[in-house]
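# Analysis of the macromolecular model
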Amino acid sequence: RAAGTITVGTDTTYAPVDFLAEDGKTIQGIDMDVLDAVAARLGLTVTYVSAPFDNIIPGVQSGKYDMGASAFTVNPEREEVVNMISYLTAGTQWATAAGNPKGVNPDDACGLVVAVQKGTVQVDDIEARSKACTDAGKAAITIDQYQGQDQATASVVSSKSDAMLADSPVVAYAVQQSGGKLEALGDIYDAAPYGWVVPKDQTDFAKALAGAAAAAAADGSYQAALEKWGATAGAVQSFDV
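Below is a summary of the structure that appears in this document. Here, residues in each chain are numbered from 1, in the same order as that chain's written sequence. Thresholds applied to this predicted model are a pLDDT of at least 70 for local features of residues and 80 or more for the giving and counting of side-chain atom pairs; totals over whole chains, interfaces and linings are not thresholded and use all residues. Derived side-chain values reflect all non-hydrogen atoms in the structure, with water molecules and hydrogen atoms excluded from consideration.

## Brief notes about the overall build of the protein chain
Secondary structure assignment for the protein chain yields eight helices and 11 strands. For the protein chain, whose C-alpha radius of gyration is 18 Å, the value lies close to the compact-globule estimate of 18 Å for 241 residues. Each principal axis of the C-alpha distribution contributes one length, and for the protein chain these read about 60 × 35 × 30 Å. Each residue gets one of three labels from its accessible area relative to the maximum for its type: buried under 20%, exposed over 50%, partly exposed in between, using a 1.4 Å probe on protein chains only. Counting only residues that meet the buried cut, the protein chain has 51% of its 241 residues in that class. Considering only intrachain contacts with a sequence separation of at least 6, the fraction spanning at least 24 residues in the protein chain is 74%. Secondary structure follows DSSP: runs of H or I at least 4 residues long count as helices, runs of E at least 2 residues long count as strands, and numbering of each begins at the N terminus. The quantity called the radius of gyration is restricted to C-alpha atoms. Its globule counterpart is 2.2 Å times the number of residues to the power 0.38. Note on definitions: a residue-residue contact is assigned when non-hydrogen atoms from the two residues lie within 4.5 Å.

Set out below in structure tokens:
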């Protein structure tokens, strides 16, 4: 409150949740519009700082950032080290080159090259699928891990990777922006909430954010932020710490 702003670490490679505008500097996306509305209810502004995805939670823990907002799926491992405030629901979806020339089947991707972003829940997903392949005597999945989701997407567009998996809003946006070069593959699965990240010892701050988010939902600004990015299907009914 004294600073007048909340400093937020975010990975700006994850369109449409967190990414850079065409000027290469302005940070925009679902997180920004939702958080700006939430901060306004607290009488604050938000300062966004671009950071690698897997550096954000350590940065919150060290005090470098007041909070992290970067499509963090709420899971027990993260809840052990930080507080999380749920604000959107998303699942995982696959994507491949238009027409699926490699005949990719997410349930049998053995021997294929699959791109994911480092530090995401999709890494665990694809590693488990690869182990199932080798356990069955089939070829492992070659897992290409990229620092940024934009790099993972580009690897599929360029045919370096046969497919990718990412959060469902990200895949939908990537397909839309690809000019017909990508297509979504299979159904969305493992739906779970995204959570903002705040230090483990700052539960009052987490509750304040949750309360402000509820106020933004009550006055319609939360829904308006989601509508801008076509993400209303992921709206939550309650903002839980």
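## Digging into the state of the cysteines
The rule for a disulfide is simple: a pair of cysteine sulfur atoms within 2.5 Å. Evaluated as defined, the whole model comprises one disulfide. Paired through a disulfide, Cys-110 and Cys-133 show a sulfur-sulfur distance of 2.0 Å. Between Cys-110 and Cys-133, the disulfide has an S-S torsion of -85° and is therefore left-handed. You can see Cys-110 sitting in the loop between strand 7 (82–97) and strand 8 (113–117) and its partner Cys-133 sitting in helix 4 (residues 121–135), a full 23 residues away along the chain. Judged by relative accessible area, which is 5%, Cys-133 ranks as buried.

## A look at the packing of aromatic side chains
Put simply, two rings from Phe, Tyr or Trp (the six-membered ring, in Trp's case) pair if the centres are within 6.5 Å, and we call them stacked under 30 degrees between planes, edge-to-face over 60, tilted for the rest. Per the stated rule, a full pass over the model turns up six aromatic pairs. Aromatic side chains Phe-53 and Phe-72 sit 4.8 Å apart centroid to centroid with 25° between the ring planes, which places their arrangement in the stacked category. In this pair, Phe-53 sits in helix 2 (residues 53–62) while Phe-72 sits in the loop between strand 6 (67–68) and helix 3 (76–79), placing the two residues 19 residues apart along the sequence. The residues Phe-53 and Phe-72 share a single accessibility class, namely buried. Note on Tyr-87 and Trp-196: the rings are 4.4 Å apart at their centroids and 10° apart in plane angle, and the pair reads as stacked.

## What about the side chain of Thr-153?
Structurally, Thr-153 can be placed in helix 5 (residues 149–157). Setting aside residues up to four positions removed in sequence, Thr-153 forms contacts with Met-164, Ala-174 and Leu-182.

## Some remarks on a negative patch on the surface
On the surface, Glu-77, Glu-79, Glu-80, Asp-124 and Glu-127 cluster together into a negatively charged patch. Contributing elements (two or more residues each) for the negative patch: helix 3 and helix 4. Relative to the elements of secondary structure, Asp-124 occurs in helix 4. Taking relative accessible area as the criterion, Asp-124 reaches 54% and is therefore assigned exposed. Patches draw on residues past 30% relative accessible area with no salt bridge. Two like charges within 9 Å are joined, as are two nonpolar side chains (Val, Leu, Ile, Met, Phe, Trp, Tyr) within 5 Å. Areas reported here follow the Shrake-Rupley algorithm with a probe of radius 1.4 Å; residue values treat only the protein chains shown as occluding. What makes a salt bridge here is a side-chain nitrogen of Lys or Arg within 4 Å of a carboxyl oxygen of Asp or Glu, nothing more. The charge count includes Lys and Arg as positive and Asp and Glu as negative, but it does not include His or the ends of the chains. Here the site of a charge means NZ on Lys, CZ on Arg, CG on Asp, or CD on Glu.

## Some thoughts on empty space enclosed by the protein
In this analysis a 1.4 Å probe is tested at points of a 1 Å grid over the protein atoms alone, and where it fits but cannot get out there is a cavity; an open set with protein on both sides within 12 Å along at least five of seven lines is a pocket; lining residues have an atom within 4 Å of a point. Grid points are joined across faces, edges and corners, and a volume is the space filled by probe spheres set on the points. Going through the model one piece at a time under the given rule, you end up with one cavity of 30 Å³ or more. For the largest cavity, the calculated volume is near 50 Å³.

## Concerning the sheet that holds strand 2 (residues 13–14)
For two strands to be treated as a pair, DSSP must find at least two bridges joining them. One open sheet accounts for three strands, arranged 2-3-4; its pairing is antiparallel. If you trace the sheet from one side to the other, it starts and ends with strand 2 and strand 4 (27–28), each paired once. Relative to strand 4, strand 3 (residues 18–20) is paired through two bridges, and the arrangement is antiparallel. Bridge pairing in strand 4 links Leu-20 to Ile-27.

## Here we look at the environment of Arg-129
Turning to its location among the elements, Arg-129 is positioned in helix 4. Relative accessible area serves as the criterion here: at 19%, Arg-129 is assigned to the buried category. Considered as a pair, Arg-129 and Gln-93 are 36 residues apart in the sequence and their alpha carbons are 14 Å apart. If near-sequence neighbours (up to four positions away) are discounted, Arg-129 is found in contact with Trp-94, Pro-106, Asp-107, Ile-141 and Tyr-189.

## Points about unusual backbone geometry
The omega torsion across Ala-15 and Pro-16 is 5°, close enough to zero to call that bond cis. Relative to the assigned elements, Pro-16 resides in the loop between strand 2 and strand 3. Despite not being glycine, Ala-71 shows a phi value in the positive range, around 55°. Despite not being glycine, Asn-100 shows a phi value in the positive range, around 45°. Here Asn-100 lies in the loop between strand 7 and strand 8.

## Structural notes on the environment of Thr-5
Within the secondary structure, Thr-5 is located in strand 1 (residues 5–10). Sequence spacing of Thr-5 and Tyr-48 is 43 residues, and the spatial spacing of their C-alpha atoms is 9.9 Å. Thr-5 has contacts with Leu-44, Thr-45, Val-46, Thr-47 and Asp-66, leaving out every residue within four places of it along the chain.

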